[in-house]
Structures are given as structure tokens and as C-alpha cells.
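Structural overview
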There are 4 protein chains.
Amino acid sequence: MTILIKAGIIGASGYAGCEVLRILLMHPDVDVVAVSARSYLGKKVSDLYPSFYQRTDLVYVEDQEVIDKADVIFASLPNGLSEKYAKQTEALGKKIIDLGADFRLDSEEVYHQWYGFNYNEKALHERQVYGLPEVNRDKIKDATIIGNPGCYVTSVLLGLYPLMKAKANASQKIIANSASGVTGAGKGLSDDTHFPKTNESYHPYKVGAHRHTPEIEQELSKMNGQDVRVTFVPHLLPVNRGIVSTIYVDLKPEFTLEDVYSIYEDAYKDEYFVHVLPLGKVADLKFIQYTNHCHISLHMDERDHTLIIVSTIDNMVKGAAGQAVQNMNIMFGLDEKAGLTLVGPSF
Amino acid sequence: MTILIKAGIIGASGYAGCEVLRILLMHPDVDVVAVSARSYLGKKVSDLYPSFYQRTDLVYVEDQEVIDKADVIFASLPNGLSEKYAKQTEALGKKIIDLGADFRLDSEEVYHQWYGFNYNEKALHERQVYGLPEVNRDKIKDATIIGNPGCYVTSVLLGLYPLMKAKANASQKIIANSASGVTGAGKGLSDDTHFPKTNESYHPYKVGAHRHTPEIEQELSKMNGQDVRVTFVPHLLPVNRGIVSTIYVDLKPEFTLEDVYSIYEDAYKDEYFVHVLPLGKVADLKFIQYTNHCHISLHMDERDHTLIIVSTIDNMVKGAAGQAVQNMNIMFGLDEKAGLTLVGPSF
Amino acid sequence: MTILIKAGIIGASGYAGCEVLRILLMHPDVDVVAVSARSYLGKKVSDLYPSFYQRTDLVYVEDQEVIDKADVIFASLPNGLSEKYAKQTEALGKKIIDLGADFRLDSEEVYHQWYGFNYNEKALHERQVYGLPEVNRDKIKDATIIGNPGCYVTSVLLGLYPLMKAKANASQKIIANSASGVTGAGKGLSDDTHFPKTNESYHPYKVGAHRHTPEIEQELSKMNGQDVRVTFVPHLLPVNRGIVSTIYVDLKPEFTLEDVYSIYEDAYKDEYFVHVLPLGKVADLKFIQYTNHCHISLHMDERDHTLIIVSTIDNMVKGAAGQAVQNMNIMFGLDEKAGLTLVGPSF
Amino acid sequence: MTILIKAGIIGASGYAGCEVLRILLMHPDVDVVAVSARSYLGKKVSDLYPSFYQRTDLVYVEDQEVIDKADVIFASLPNGLSEKYAKQTEALGKKIIDLGADFRLDSEEVYHQWYGFNYNEKALHERQVYGLPEVNRDKIKDATIIGNPGCYVTSVLLGLYPLMKAKANASQKIIANSASGVTGAGKGLSDDTHFPKTNESYHPYKVGAHRHTPEIEQELSKMNGQDVRVTFVPHLLPVNRGIVSTIYVDLKPEFTLEDVYSIYEDAYKDEYFVHVLPLGKVADLKFIQYTNHCHISLHMDERDHTLIIVSTIDNMVKGAAGQAVQNMNIMFGLDEKAGLTLVGPSF
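Residue positions within a chain follow its written sequence, with the count starting from 1. A letter from A marks each chain and a number from 1 marks each ligand, given out in the order of writing. Totals for whole chains, interfaces and linings use every residue, but because this is a predicted model, local features are given only for residues with pLDDT of at least 70 and side-chain atom pairs only at 80 or more, for both listing and counting. Side-chain numbers come from the whole structure's heavy atoms, not from hydrogens or water.

1. Some words on the overall build of chain A
Think of it this way: any DSSP run of H or I at least four residues long counts as a helix, any run of E at least two long counts as a strand, and we number them from the N terminus. The number of helices and strands found in chain A is twelve helices and 14 strands. The C-alpha atoms of chain A give a radius of gyration of 20 Å, which matches the 20 Å a tight globule of 347 residues would have. Viewed in the frame of its principal axes, chain A has a C-alpha envelope of about 60 × 45 × 45 Å. Taken across its 347 residues, chain A has 66% of its residues classed as buried. Only four residue types enter the tally: Lys and Arg on the positive side, Asp and Glu on the negative side; His and the chain ends are excluded. Working definition for charges: the position is that of NZ of Lys, CZ of Arg, CG of Asp or CD of Glu. Positive and negative side-chain charges in chain A, numbering 34 and 44 respectively, have mean positions lying 3 Å apart. In this description the radius of gyration comes from C-alpha coordinates, and the expected globular size is given by 2.2 Å times residues to the power 0.38. Burial classification: accessible surface area is computed with a 1.4 Å probe over protein chains only, and a residue below 20% of its type maximum counts as buried, one above 50% as exposed, and the rest as partly exposed.

Quick look at the structure:
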């Protein structure tokens, strides 16, 4: 008989935490021992989300109870709150996967500039691992603190990784035009996510100033071995789930589209969750929704050798909860796909 | 090691057949050995539905190959075409689950009146079993030919079964006002499912004349032990998936809403897939989408003792493919839930 | 040169008030002299709703300023707040059109039962006129206080008026199954109108207990000359605008569907805003959105002589702001269509 | 009494032609004398689009009848078919506004390369005028043949016109990432516009190869006085109407964002239909839907001086039918706003 991993979720009332719970309840190797949510203490998860009726009797408890009971803790909290929990889990020899931004940025200065907080426990940040498995799998294996990547960031990084590694970009300046479904804005109410406003609408926001920008640049620069700058513009899409990033890069003249395709095929040939579509096909968020997959398609504006990369993921799964579970699988030596094998609905 | 059941799908390019394939690919006890689709012969399933990329290499073959290779055949065909296949499968000692209407109606006359075809193989129809597990589980166990219920029908029957059995209805006349997502109309193109027309729209169709009416009445009459008449009006809802049936019944004066609730609780207490919501809650298709669950809520217009039952399912799952797999599970002595344990997304 | 009517709106930040403003800005005979909104005092309308950029410089002022400046006041306020303004306008010889429920119900007792307030100024309510032009046009001409009908109510009353008048109903019990777009819930934020929840969703609410019920029954009973009871169930539809009411009535045996059609044609032949579709067609909210029109289609479940009436309006226009302007046109002797001649978009 | 202009529409069954009709029916100075549609000959417009019930009795006639009766002809036809009609209208001293691409491109070679047809009547093309009023108003006044701009093109050109004219761009290479509602794909059915596919979806198409590219480049190059290259990627948005173009340009170092704002304000200060939003606001298609307005917002990625321009229009109105009517107004010396003064709905 398998010994189940004891998992817990801090902040399990929001969308990301709820999605982690949903995935873990279907995970063959996991027992969810506790979930917390300050505002819903003592309430059943299924009262908040009736999808869970008959599927779990879990009741929201205090954060501390989650840390006490679980061996792996998923944290889905407002920025600035995860450090103290990471300190505790590390001291207890437990593992933490943080879905927020507190363990993603290498530079405290950059973190402070974009998020307004300091690194109070600097030592922790030296051990943090950026949880993008396709790039950092080996480091994730031994990590105790994972900074789970941002949703937009994941779509852009997976879309560019092979190109950056091959240094096939002619310029260090990249444009990433992204669009996300509304779950990306979370469970909190706002004028901009009120149905009559959002429905039949579409618009950019935080133009050129979104917090995912430094995270994208940090990781791209590492891949490319030199500084990469990204002009990143997110848009709000009137759908529930999914991100499409349309990325524009000047390609070095010596590379053809076919060369690039080979580079991508090669880079991702062993990756279960990343699929490079045949040349001529276009990636479409429809076909990855609800799954942990990333679909990538490659295109060229031949007239001036601009490479256009389309990269699409489900923002709640590969962009958040699914990737967190994928990280857990790696950290615990499980099958990396465990709990993440949903064949996506096509309609 | 488990011996896998060899399953095949005839008509696997349409929505229902595709959804059966999707579920079976995640089923722990099944090997999908062949799928057919006349119009896509030789094509990969993943070319038609890119969600299947990297998940299956299946290629559409001839119908006959499906019958030859599989032990259980799912048929998702235009009405009138399943009889010949059922004859064959029976002769070969195989099982067939028909997702169309050819094996649902007891009376050839009624079938002819609403569908325009005859029963050419009358003997087959004597052995057909109406595949609503919550009502007919025992018969399904030994069946070789299953008529898988219609989507609207499933929502209405599950919504009324306990009431009918308890004979708590004061009148034999019931009104069922249903609304379905657009996948119910299938993959075929039509003016009414063209996005700019369907989006931001809502309207009834086939008012009082939908083919699911005789099927509803046949089964309700059996449950109630007397003739039941239904005025059934379906509506097209601008969502992809899900059916909500709002059902109006005159309740016998001696029954209170609490009595009815007890009757429902009792009737469904052992049913994994049917959930009666606490009084005061309202069933919402949001919370059953993509799952094989049915949520039911009960309400009363006290002023004239009209019971209002709200019953919601996913038309593609409990209303079609999921229920078909549930039937297969029962027929093969598997865990009835196998392959159907998705915890539904809440957003 | 035309002398323009001076109109003002109290509560012009909410959806209904904003829609009145939008229509009046396009009205050839009206000058909007002031609009108020407590929470947005001093703000430009166009800051709240950028559709108004370059179309009006109006700034939200105090309620009193609206009453002082305008000859006709549209009030779109929470229930219970309109009486004091109506008292004032009457004293000043001005006219008020109330879009809330304060002047709709004849009986103070019924008002108190459903809304929890009393009639403090009973004399006012003796002079209130129920503003459904197709039924009460003559009374509206001379009215000074209009209770503008509820949105659901309008759709049900127009759908039943000819039948009630002809006393062709076999029973006094009617079922009205209605569905409304989300603007009906107003501008206020709520979990149930948060995009990820509402989108791809559909569910009934306030089942058998919605406040529009007594208003429907009051008016139907007057039309029918005897008490009429309605079981009314509203549903939330994932579209912005529009109501479809599907109404079920037992028809007297001596009436055929063709008879009913003639009765409706005759009743509405001179009505610009109400259109009875040819038998065989189905009313669809798509084709009345953004307009002041009501489309009605008639259907029969022949098997037990149940008449099914489908009545559709735009909840914000014929169900609120448009009807209010129609009432104003009648009160001021203008062309009843003035400002309301938009040909609806078909897509 | 005004003498009404006699207008006719060739190809009035498709979306663009139908929208021209809808606008013209509300135009104070126009009488629509005839509309044609080959596939619907003899049918009422209101049978095809029930929004027109009671608003027009027009019946689709032959193309020739439109030319015979009307003084101004709107043509909404498949590419390659308008030339013969333009020849006729010119000979008859009538005016033609072509909503297709046949009279947009200056170079026959470019037209042939992208559309596959030749210019059979070369003289006509010497007299064609590109119908973008904000740029070409004077030429439009005297034109007899108008090539009405493409929908995407309009959004991009209006978004860039002041910048191009001021030569404030540091590079001749521009990226235009656009997204359009589904009406842009027209009335014809396709797998990609089937509701269950399009809904909850989003993807680019014709990446770097859309026919609007040469049209954009032709006009931008004229404005800028030198060759401008555009990498243009359109996306399909799950809404009915509206285009948002997010445009990326390298700005000359000597220009600040405030400078650019002044240039735009100045360029459009007298334009009724174009509105530059205050700095800090973001253009949103919500607020221009159904209107002939264009909203533009300006943003800067300060880190490398990339200007980001957001330009949004309703693809069916300013992107097609509304602009065509605006052109007609100019050609006939009418108020340029006539028939185009709808205040857009905000919800």
C-alpha cells in the first residue's frame, strides 16, 4: 500500500488555493490533511464552492494547523506573508510551495521596487528555487522552498526558453502581448470583473507596468546569458481561464523558421506538458483549458524576419495550481504527471 | 495486473463520441482499441481535436474495425443506424451502449411517430435496457444493449424520480422548462449556433414538440405507476455545457417541502452522482460542469403548494458520455465511479 | 423652434438611471438639465461611463438641484426613497417617473409585506399611475406620478394581456419561467455577478419568492377581472441584457392557437413597440436587445391544450429606461416613439 | 421639406450590408430605396433579421435594381466583384461606396498579390478615394468611388496617424497586435465560429499574413513620408463586436509621452468620432461598441522608450458600415455625424 503524502493549503478560499485542493483531491499519492482561510474559518469548503459537495468534508482551519499537520504546504497568500511560514516549514523539515511572488525574485531590490516589501529572512531566499520544472527540474528535486512562477510569466518563459538558450534572438528587446481569462484577477470583487462590464469587453491593463515584467526579464536573462528586456502588456479576456501570449522577437538572419522549429522540438521532446504544434497550426487556448499543458506555435513574418511565438496555458493550472503540484511531484520523487493527466475538454 | 476492457467508439468525431473517448482515455480499466468516423477516415483524432495531442495516436477507422476489435462498443450515430450494429454485437457476444435514441423507447409506434423509423429487429428491442443507473441499475448489470438516456431526459428524470415513486404529485401534468448549453446541438454548423447569433442570446426552440418528450413521459409513467404528461420546453443557453431543468409540479396537500426533502435524501443517499442540496440552496450548473454529477434543489411556492424542482447536469457527461461510461462500469462489474471522479472546477 | 422639455435624473449612476440619460441625450425634444448620484457628487458622468465622453459634460449634483431645474424627474433609487421626492414634485406642479417599486402597488399592505416599508404619503398613492402604456395609456396622459413597471413584470404582462382580457385562460393559475441578463442585478458588486462565477453559468434565484410576483398578480387580476395566481421563477442568464419569459397557461378548450393569435394580433395591431411573431416563429431576445420593443411568440402543446407564450424585452429599455421615456412622451403629448426608434442590432 | 437621398445596398444580407441598412433606416436624410442579396432574392429582410420586423418591409431584389433606383450605392460583396458596378455607377453619375477591398489599394500589383485579382478597369482606380475621413476628408468630398477602409486597418491607422504625421517614430518597423469580435468573420458558418468552439476561446490567426497588412502599410507610409513596415497579428475574440489594436512603436528619444499626447490631442481636437483618453486611462472596447467612435489611449514603457498605443473601434460601425455612412455624409454635403449619433451603451 502506498503511503500518502500529507498536503495542506494555506489560503484555500481563493481561486489558486481552491484549484490546488481540487487537483490534490484527485491525486493518487496525496492526502489533503488541512486547509486554511482566515475569512472562512470553520466553514466547509463545499459551502463556498459547491463543486466539492460529497467530494470532501474539509473545513477551513487556522494556518498553523495546516503547518502542523502537513508535510508539504502550498501557500496562496497576499504578497509579503509567506516568508514567516517558509521559515517555520524549513525549521520543521517540511516543504513549502509558494504560489505568490515572495520567492520568485532573486534580487531583494527588484522585489522591493515592484512589491514594496523587504526580504526579512534573507537566508531563506538564498535557498528558494524558481519552480519552472522544464527549466529547473534538477534544482526543484532538492528544494525546500519553491517560488511557483507567475501565470503570465510561465506562458512567456515556456514560449521563449528554447530560443533564448539557442541565442537565436537578434535583439535583446522582446514584446510580449498577453491576454488572460478573468480568473487571473482572483475571487475578489471589482468593477472591472463585474459581469456586465467584463462580458463583451476586452482591454489592456497595467500597460508596460505589470509586476510580472521583472520576473520575466530575470528568467529570460538567465536563459539567454545576457540582459533581455521585455515590453509586456497584459489584456483582460472575457473568458474564465487561459492565457495566450503572442511574442514578437527579431530573429537572427541565419535562422529559418524551420531551424527554430527543430530547436523547439528538440528542447521539449521529453516534456509531457509542453507541446510544439506542427508548423502551420496555431495554438489556441481552447485546447489546453483545465489541463497542465502548454501549447506553442511558431510563425514568421518573413518580410523582416520577425519570429512570432504563440504560447498558451491555463492560468489556473500550468499557470498556478497545476505547476505547483508538478513541483510537489518532483520534490517527492513521484511521477511528475501524477494528478495532472486530465485530457482537456475540446468544447 | 488488471486486464483492460477493450472499448471502441463508432461515431467518435461528434461531440458525444469525442467525449466518450476523452473519458475512456482517463479510465483505469479500459483500453480504447479503435474509433471510427466516416468523414474523417484515416485522420488522427488529435488533428480534429488538438486537446488529444500527445494523449492518443488513435486514427479514425471503419465502423467494422471497431466492432471487430472491441468488447464494448459505444455508438454515437444519427438515429436509425444503430440497430444493425447491435445485431452484430449481440451475435458476437459483445456489448453495445447506444448514445442515440434507437434503444430508448419501448413502443415502436412512439419511436416511429417521433423519429420516423421502424424497429427492423424487433427482438433486439425486447432486450434493450434503459440506461439510467439510479433507476435501472440491476437490469443494466446483465444488459447487452443499452439505450443511453437523452440529456434533457436525464435531468428531468433524476429531478422527479423520488417524487414519482412516492406518488406525491397531485396532478399527472408536469411542466419542465429546460435550458441547455450549445454543445447539446452538436458539432454540426447551423445559423443558430453561429457565434454572433448565439452569443448574448437565449430563446426556446421546438416548443412543446421536442423528441425528448415521449422518452420523459415513458419513464415518468413507469415510476409513477400511471400516465404522466409533460409539457417540455427546451431553451438554448449561451454557454458550452450544462442543462438546468426547472420543473413545476402540483404537490399533494399532505406533503410539506420538508417531507419531499426527506424523500429525496432517502432516495439518493447511496448515489455517488446525485446530490440533493440543503433546503434554501439553489442548484447551479456552474458546480456540476464537466462532471458526472447531478445537483437537485427543492423549492415551494407555498401560496398554492406548487413544488419547484431544479435539476442540473452536464449535458455531455451525465447527459451523454459520462452516463454511458457509468453504464459500462456496471455492465462489467467495475467500480461504478471508475473514470468519473473528476472534481468539477468551480470557475 | 421646439421648446425642449427639461428633464432630470435622480440616481443617475446606477444602470437604470444611466440608461435613461443615454436615451434622453438622443431624444429630439429633451434637454437633460441635471443628474444626481450621491456617491459620485461632483464627478463627471463620463468618468464613470466613458461611453459618454464627448457626448455630455454633465456632472453629478445633489438630488435637490435636479428637482429644482427639471420639469420631469426620473427617479432611480433604492425602494422607499421616492415618496418624499414625489411629494415635492407634485407640489411644484412637476412630473415624476419612478423606476423603483414605490408607486407600483395599489395595496399598502402588499407593499409592506414584500418591501418592508409603509406608505407615508397615502394621498400620493391614490394618484399614482401604473406606467404600462399599452394597457394604461389614457391614464398616463394625465398622470403626475408614474410607477414605472418592473422589468420581469413588463415581459409577463405584455405576454398575457390579450389573453387575460379575452378571458381565454381555463385556469387562474399561471406559471412564468423567466430569465434575465445580468444588468438586471444592477451595478452593485456581488459574488453572483463576479465574472468567473456568472460566465458559463445559469441558475434560478428567489424561487417562487421574487418581489415582482405581487406586481404581476395585481395587474393580471385587473386585466382578467378575477384573481390570477402566478408561480414566477426568475433565472440569471449569462448575457448582459434581455429578458425572456416562457409562460404556461391552460387554455379554454374552445380556443385554438389560431384564435389566440388573432386575439393578440388584434390587441397589438396599433402598438409600435409590441410585435406578435407569425405562428411557427420563436421570439428570441437577440432581436430586441437595446430597443424598446417586445417580441411575442405563441405556441401550443396540443396534447393537453397548454398555451405557451414567449415574451421578450430588453430589461434595461422596455423593462426600465425606455418605458420610462415612453411614459414621458405620453405625459408631454410628444410622439410616443420619440427617442426610442433605434433599429436593434442583429449581431 | 428635406429631399431625401436615395440609397441602395448591394449585398445586404451579410453583416456589413445589413449594418449599413440598419444605420440608414435611422438616418434623417436618407431613403433606402432598394437592397439586394443574391441568395435571398424575394425574401424580406425581416425574415432574415427579425430586428427589422415593423421597421422595414424591404425585400431583397436584384443588384441591378439597386443601381437603377439609388443615387448612392453601398457595395458589400466578395472581393473582385465591385469593379463592374463602379463602372456602371460612374457612367450614370452616381456614387459608390465599396466596403470590400477592391478600391483600397493603390497598386494593382499589391492587390493581385494579396487578393489574386487584376484591375480590369484601371481608370476607375485612378479616381478611387481611400475613405478614411479623418485623413482624407477633402478628397472624399468630391469622390465618386470610395474604397471604405478595412476594419483592422481603421483601428491601426487612427491609432498611428498623429504619430506618423509628426514623424515621431524612431523606427520604420511597427508591431500591431489586434483582436476582433466574431462579427468580423461575417455571417458565413465555419468551424472556427461555431459557438462551442469560439466561446471561452481566443487565438491568433493568419499570423503575419493577413490581407489588411499591405493596406495598413500603404497608408502609414503615406502619412510618414517614408516606407513603414508592420508586423500585424489579428486574434479572434469571443465577443460579438469590437476591435482593440495594441500597437508598439519605438519613440524618438526627444519625444516624451506628454509630447505625444499633445500631438494626438491637437490632431483630433476637431474630430467628433475620435477621442484621445486622458493619460492614465486605458481604452476599452466596451465604451465604443455599437458607435462610430474610436477611443485611443497612450502609454509608455519608459524603460526603453517604447510607445504603446491602444486604439479601439466597433468593427461593424467605424470599421465598416458607420464609416461608409460617414463617407456618404461627406460626399453629399450633409452633417458628417448624421445617422451616427448613437450614445453607446455602457453595459
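2. Focus on the packing of helix α8 (residues 151–165) of chain D against helix α11 (residues 257–268) of chain D
Residues and elements named next belong to chain D. Axis lines are fitted to C-alpha atoms, over the contacting stretch for helices. Their N-to-C directions set the angle, which ranges from 0 to 180 degrees. Where α8 contacts α11, the two axes come as close as 8 Å, and the packing angle between them is 110°. On the basis of their axis angle, the class for α8 and α11 is roughly perpendicular. Relative to α11, α8 is oriented so that their crossing is right-handed. In this structure, α8 uses Leu157, Leu158, Gly159, Leu160, Tyr161, Pro162 and Leu163 to contact α11, whose residues at the interface are Val260, Ile263, Tyr264, Ala267 and Tyr268. Orientation categories follow fixed angle ranges, with anything under 35 degrees roughly parallel, anything over 145 roughly antiparallel, 65 to 115 roughly perpendicular, and all other angles oblique. By convention, the crossing between two helices is left-handed when the near helix turns anticlockwise from the far helix through less than a right angle, and right-handed when the turn is clockwise. Contact criterion: two residues are considered in contact whenever any of their non-hydrogen atoms come within 4.5 Å of each other.

3. A closer look at the relation of the copies chain D and chain A
Between the two copies of this chain, the relationship is a rotation about some axis together with a displacement along it. The fit set for superposing copies consists of C-alpha atoms from residues with pLDDT of at least 70 in both; the fit itself is least squares. If you rotate chain D by 180° and push it 0.0 Å along the axis, it lands on chain A with an RMSD of 0.0 Å. In short, the pair behaves as if placed about a two-fold rotation axis. An overlap of 100% is found between the interface residues of chain D and their copies at the interface of chain A, pointing to a shared contact surface.

4. Some details on helix α1 (residues 15–25) of chain D
Across the eleven residues that make up α1 of chain D, a large majority, ten, are buried. Those residues of α1 of chain D that fall on the buried side of the exposure criterion are Tyr15, Ala16, Gly17, Cys18, Glu19, Val20, Leu21, Arg22, Ile23 and Leu24 of chain D. Buried residues in α1 of chain D make contact with α9 (195–198) of chain B together with β1 (5–10), β2 (30–36), α2 (45–48), β4 (72–75) and α12 (317–331) of chain D.

5. Concerning the side chain of serine 297 of chain B
Residue and element names in this part refer to chain B. Along the chain, serine 297 turns up in strand β13 (residues 294–301). Within 3.5 Å is the distance limit for a polar contact, defined as a pair of N or O atoms, with the added protein rule that one can donate a hydrogen and the other accept it, and that residues adjacent in sequence qualify only through two side-chain atoms. Engagement of the side chain of serine 297 in a polar contact is seen with the backbone nitrogen of alanine 283, the distance being 3.0 Å. Within the structure, the side chain of serine 297 is placed 2.7 Å from the side chain of histidine 299, a separation counted as a polar contact. Sequence-distant contacts of serine 297, that is, excluding residues within four places in its chain, are made with Leu277, Lys281, Val282, Ala283, Ile308, Ile309 and Val310.

6. Concerning the relation of the copies chain C and chain A
Mapping chain C onto chain A is achieved by rotating through 180° and translating by 0.0 Å along the same axis, at an RMSD of 0.0 Å. Most of the interface of chain C is mirrored in chain A: 100% of its interface residues are interface residues there too.

7. Remarks on the sheet that holds strand β14 (residues 306–313) of chain C
Residue and element names in this part refer to chain C. Reading across from one edge, β9-β10-β8-β11-β14-β13-β12 is the order of the seven strands in this open sheet, with mixed pairing throughout. Every interior strand has two partners, whereas the edge strands, β9 (203–204) and β12 (274–276), have only one. Each pair of strands is called paired provided DSSP finds at least two bridges between the two strands. Pairing between β9 and strand β10 (residues 229–236): two bridges, direction antiparallel. The partner of proline 204 across the bridge, within β10, is histidine 235.

8. Here we look at unusual backbone geometry
The phi dihedral of glutamine 54 of chain C falls on the positive side, at around 65°, and the residue is not glycine. Mapped onto the elements, glutamine 54 of chain C comes out in the loop between α2 (45–48) and β3 (60–61).

9. Examining the pairing of strand β10 (residues 229–236) of chain A
Here is the key point about a regular strand: its side chains alternate between the two faces of the sheet. Residues and elements named next belong to chain A. With seven of eight residues buried, β10 lies mostly within the body of the structure. Here eight bridges tie strand β8 (residues 173–180) to β10, and the two strands are oriented parallel to one another. Bridge pairing links alanine 179 to histidine 235 in β10.

10. Details of the domain arrangement of chain A
Residues and elements named next belong to chain A. What the domain assignment reports for chain A is domain 1 (5–148 + 318–331) and domain 2 (152–315). The straight-line distance from the C-alpha centre of domain 1 to that of domain 2 is 25 Å. Each partner contributes residues to the interface: domain 1 has 27 residues there, and domain 2 has 31 residues. The term buried area means the drop in 1.4 Å probe accessible area that two parts suffer when joined, counted for both and summed. Carbon and sulfur atoms make up 53% of the area that domain 1 and domain 2 hide from each other, which totals about 2,300 Å². Throughout, the edges of the domains are those of an automatic or database domain assignment.

11. Observations concerning the interface of chain C and chain A
Across the contact, 18 residues belong to chain C and 18 residues belong to chain A. Here chain C meets chain A over a buried area of about 1,500 Å², counting both sides, of which 60% is carbon and sulfur. When the buried surface of chain C facing chain A is broken down by residue, Leu189, His194 and Phe195 of chain C rank first, second and third, together holding 44% of it. Any Lys or Arg side-chain nitrogen found within 4 Å of a carboxyl oxygen on Asp or Glu counts as a salt bridge. Counting the contacts that link chain C with chain A gives zero salt bridges. Put simply, chain C and chain A have ten residue pairs in polar contact (both at pLDDT 80 or more) between them. Looking at which element gives the most residues to the side of chain C that touches chain A, the answer is helix α9 (residues 195–198) of chain C, with three residues.

12. A word on the interface of chain D and chain A
It is common to give the size of an interface as the accessible area lost on bringing the parts into contact. Contact residues are listed per partner, giving 46 residues for chain D and 46 residues for chain A. Area buried by chain D at its contact with chain A is led by Glu200, Tyr202 and Arg303 of chain D, which between them contribute 19% of it. Scanning the region where chain D abuts chain A turns up six salt bridges. Notably, a salt bridge pairs lysine 197 of chain D with aspartate 284 of chain A, separated by 2.6 Å at the nearest N-O pair. Elements with a contribution of two residues or more to the side of chain D that touches chain A: β8 (173–180), α9 (195–198), β9 (203–204), α10 (212–224), β10 (229–236), β11 (243–250), β13 (294–301) and β14 (306–313) of chain D.

13. What about the pattern of salt bridges?
Should the charged atoms of two oppositely charged side chains come close, the side chains can pair. Residues and elements named next belong to chain A. Per the counting criterion, the structure on display carries 92 salt bridges over all chains. Here arginine 137 makes a salt bridge to glutamate 336, at a shortest N to O gap of 2.8 Å. With a gap of 199 residues between them, arginine 137 in helix α7 (residues 133–141) and glutamate 336 in the segment after α12 (317–331) connect regions that are remote in the sequence. The network of salt bridges with shared partners includes Glu19, Arg22, Arg241 and Asp314.

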